[in-house]
Amino acid sequence: MSKLNIILFGPPGAGKGTQSEKLTSHYALKHLSTGDILRAERQAGTELGRQANAYIEKGELVPDAVVIGMVEQMVRAHAAAPGFIFDGFPRTVAQGEALDAMLKSLDMDITTVLSLEVDEDELTRRLLERGMTSGRVDDQDEATIRNRFKVYNNETSPLKEFYKAQGKLQSIHGMGSIDEIFGSLCEAIDNSQSETY
Ligand code: UDP
Ligand code: MG
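Quick summary incoming for the structure in this document. (Residues numbered from 1 in each chain as written. Chains lettered and ligands numbered in written order. Predicted model: local features only at pLDDT ≥ 70, side-chain atom pairs only at ≥ 80, totals over all residues. Heavy atoms only, no water.)

Section: the overall build of the protein chain
For the protein chain, the helix and strand inventory stands at 9 helices and 5 strands. In the protein chain, buried positions account for 45% of the 197 residues. Restricting to contacts in the protein chain with at least 6 residues of sequence separation, those with at least 24 account for 76%. Distance between charge centroids for the protein chain: 3 Å, based on 21 positive and 30 negative side chains. (Helix = DSSP H or I, 4+ residues; strand = E, 2+ residues; numbered from the N terminus. Buried < 20%, exposed > 50% of the residue type's maximum accessible area, 1.4 Å probe, protein only. Contact = heavy atoms within 4.5 Å. Lys, Arg positive; Asp, Glu negative; His and termini not counted. Charge placed at Lys NZ, Arg CZ, Asp CG, Glu CD.)

Quick notes on the packing of helix 2 (residues 34-44) against helix 4 (residues 64-77)
Direction vectors running N to C along helix 2 and helix 4 enclose 100°, while the axes themselves pass 11 Å from each other. As far as their axial angle goes, helix 4 and helix 2 are roughly perpendicular. Across the interface between the two elements, Thr-34, Ile-37 and Leu-38 of helix 2 pack against Val-67, Met-70, Val-71 and Met-74 of helix 4. Here the contact of helix 2 with helix 4 is composed, by residue class, of 6 nonpolar, 1 polar and no charged. (Axes fitted to C-alpha atoms, helices over the stretch in contact; angles between N-to-C directions. Parallel < 35°, antiparallel > 145°, perpendicular 65-115°, else oblique. Nonpolar A, V, L, I, M, F, W, Y, C, P; charged D, E, K, R; others polar.)

A look at the sheet that holds strand 5 (residues 169-173)
Reading across from one edge, 2-3-1-4-5 is the order of the 5 strands in this open sheet, with parallel pairing throughout. The open sheet is flanked by strand 2 (30-33) and strand 5, the only strands paired with a single partner. Put simply, the sheet's adjacent strands are angled 20° from each other on average, direction ignored. Where strand 1 (residues 6-9) meets strand 4 (residues 112-117), 4 bridges bridge the pair, whose relative direction is parallel. Across the sheet, Ile-7 pairs through a bridge with Val-113, a residue of strand 4. (Pairing = 2+ DSSP bridges.)

A word on the site of ligand 1
Close to ligand 1 lie 19 residues, the nearest being Thr-34, Arg-39, Glu-60, Val-62 and Arg-148. The side chain of Thr-34 places a nitrogen or oxygen atom 2.6 Å from an oxygen atom of ligand 1. Taking Val-62, its main chain carries an N or O atom lying 2.7 Å from an oxygen atom of ligand 1. Computed on the free molecule, ligand 1 has an accessible area of 520 Å², of which 96% lies beneath the protein chains in the complex. Counting residues per element, the ones that place at least two in the shell around ligand 1 are helix 2 and helix 3 (47-58). For the shell around ligand 1, the element with the highest residue contribution is helix 2, accounting for 4 residues. For the shell around ligand 1, a count of residues per class yields 7 nonpolar, 4 polar and 8 charged. (Near = heavy atom within 4 Å. Polar contact = N/O pair within 3.5 Å; in protein donor to acceptor, adjacent residues only side chain to side chain. Areas by Shrake-Rupley, 256 points an atom, 1.4 Å probe, with all protein chains shown as cover.)

Let's talk about the packing of aromatic side chains
Centre-to-centre distance and the angle between the planes together describe a pair of aromatic rings. All told, the structure shown has 3 aromatic pairs when counted by the stated rule. Relative to Tyr-152, the ring of Phe-9 has its centre 6.0 Å away and its plane inclined at 50°; by these criteria the two rings are tilted. On the criterion of sequence distance, the pair formed by Phe-9 in strand 1 and Tyr-152 in helix 7 (residues 142-156) is long-range, its members being 143 residues apart. A residue is classified by how much of its surface remains accessible, and Phe-9, at 3% relative accessible area, is buried. Over the ring of Phe-182 we find Lys-22; its NZ or CZ atom is 4.9 Å from the centre of that ring. (Phe/Tyr/Trp six-rings, centres within 6.5 Å; stacked < 30°, edge-to-face > 60°. Lys NZ or Arg CZ within 6 Å of the ring centre and 35° of its normal.)

So, the nonpolar core
Ranked by internal contacts, the top residues of the largest apolar core, which has 26 residues, are Ile-7, Val-71, Val-75, Phe-86 and Leu-99. Of all the secondary-structure elements, those providing two or more residues to this core are strand 1, helix 2, helix 3, helix 4, strand 3 (84-87), helix 5 (93-105) and helix 8 (158-165). If one sorts the elements of this core by residue count, helix 4 sits on top with 5 residues. Formed by 22 residues, the second largest nonpolar core is a distinct cluster that contains Tyr-27, Leu-29, Leu-127 and Ile-189. (Core = buried A, V, L, I, M, F, W, Y, C linked by side-chain atoms within 4.5 Å.)

Take a look at the structure:
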């Protein structure tokens, strides 16, 4: 199990997408963003995209079975990659359990879970700013943003305990410059790789 499989964890606007791009090139990993996949499906007007759109517009979660199926397809298709960065997935404990089982069946596991910690005022500011240029419908409306935080706090944040219990959770201070935060993430990744199990 020498692959490097990272979960980049954190609330909406924490910087998962930005840092994933940098980590992907630094460690030659496969970036797997379920949000990006869902938006691409929506853009392409597929049936999956149409179904996902209703959830995305409200800031609700696309059902577990749908995203788990998507991830499974991607992981199997790229099983030869040196590792994955999971960005925005898992979002529920059920998804975390499914991911563990899926990786285990391929003789892989999660190396480390990096949780970007950013306060809600800063998150709201970043999302509204992104909404002005990204065209993302879910970044343009404060009520939708508030609902995404609520969903994150209720459904996603319990995963911290899930991974803490596995000894895999590392909290990273997510406020500061992009390069500073990237440096902290790299340090945490390098530490997790040098640990002997
Ligand atoms: N989404 C989801 N499951 C996922 C990824 C995305 O339900 O695994 C939906 C959900 O409605 C979410 C939206 O897509 O609010 C945007 O997700 P993304 O991860 O891009 O947003 P972020 O939290 O990174 O800002
Ligand atoms: Mg994102």
